[in-house]
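Okay, here's what each chain looks like letter by letter:
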Amino acid sequence: MGMSVLVRHRFQSLCLKTSLRTPHGRLPLVIHTTRAGSDVIMMIWCRSGMSLGLFEDYREEIKVACYARDVFIHAHSRWSHLLVVRILR
């Protein structure tokens, strides 16, 4: 299993085990995962009821779940419903 697939599965597992989802229980969509050297970059589609702040509140949990040294989360430059999550490994 590739590193980006592992990180994606670990992230989705974290979402299932925590309240990192909509008020109705729907999970965020990981629409793209790619590698940049040893880092993994995920593009996340935030459903209605989610925000950048919600993901920032779970930053430490994301680090642990994805075996990361650090995690950077920011809004997409063009579309506000997309987040870019960079997992530094």
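Structure shown above.
Values in this document were obtained by computation on a predicted structure and should not be read as measured data.

Novice: For the side chain of Thr33, give the residues involved together with the corresponding values.
Specialist: Tracing the backbone shows Thr33 in strand 1 (residues 29-36). Those residues within four positions of Thr33 in sequence are excluded, and the remaining contacts are Ser4, Arg8, Val40, Ile41 and Met42.

Novice: How would you summarise the environment of Gly53 if you had to cite specific residues and measurements?
Specialist: Here Gly53 shows up in helix 2 (residues 52-57). With relative accessibility at 32%, the residue Gly53 sits in the partly exposed group. Separated by 15 residues in the primary sequence, Gly53 and Ser38 have C-alpha atoms spaced 26 Å apart.

Novice: Tell me about the packing of aromatic side chains, and please be specific about residues and values.
Specialist: Within this structure, the stated rule accounts for 1 aromatic pair. On the numbers, 6.4 Å between centres and 15 degrees between planes, the contact of Phe11 with Phe55 is stacked. Here Phe11, found in helix 1 (residues 3-17), pairs with Phe55, found in helix 2; they are 44 residues apart in sequence, far enough to count as distant. Each member of the pair, Phe11 as well as Phe55, carries the same accessibility label: buried.

Novice: Summarise the sheet that holds strand 1; cite the residues concerned and give the values.
Specialist: Strand order in the open sheet made by the 4 strands is 1-2-4-3, with antiparallel pairing throughout. Of all strands in the sheet, those bounded by a partner on one side alone are strand 1 and strand 3 (70-75). With direction set aside, neighbouring strand axes in the sheet form an average angle of 20 degrees. Summarising the sheet, strand 2 (residues 39-45) and strand 4 (residues 82-88) pair through 6 bridges and their orientation is antiparallel. Along strand 4, the bridge assignment pairs Val40 with Ile87.

Rules of the game
Residues numbered from 1 in each chain as written. Predicted model: local features only at pLDDT ≥ 70, side-chain atom pairs only at ≥ 80, totals over all residues. Heavy atoms only, no water. Helix = DSSP H or I, 4+ residues; strand = E, 2+ residues; numbered from the N terminus. Contact = heavy atoms within 4.5 Å. Buried < 20%, exposed > 50% of the residue type's maximum accessible area, 1.4 Å probe, protein only. Phe/Tyr/Trp six-rings, centres within 6.5 Å; stacked < 30°, edge-to-face > 60°. Pairing = 2+ DSSP bridges. Axes fitted to C-alpha atoms, helices over the stretch in contact; angles between N-to-C directions.

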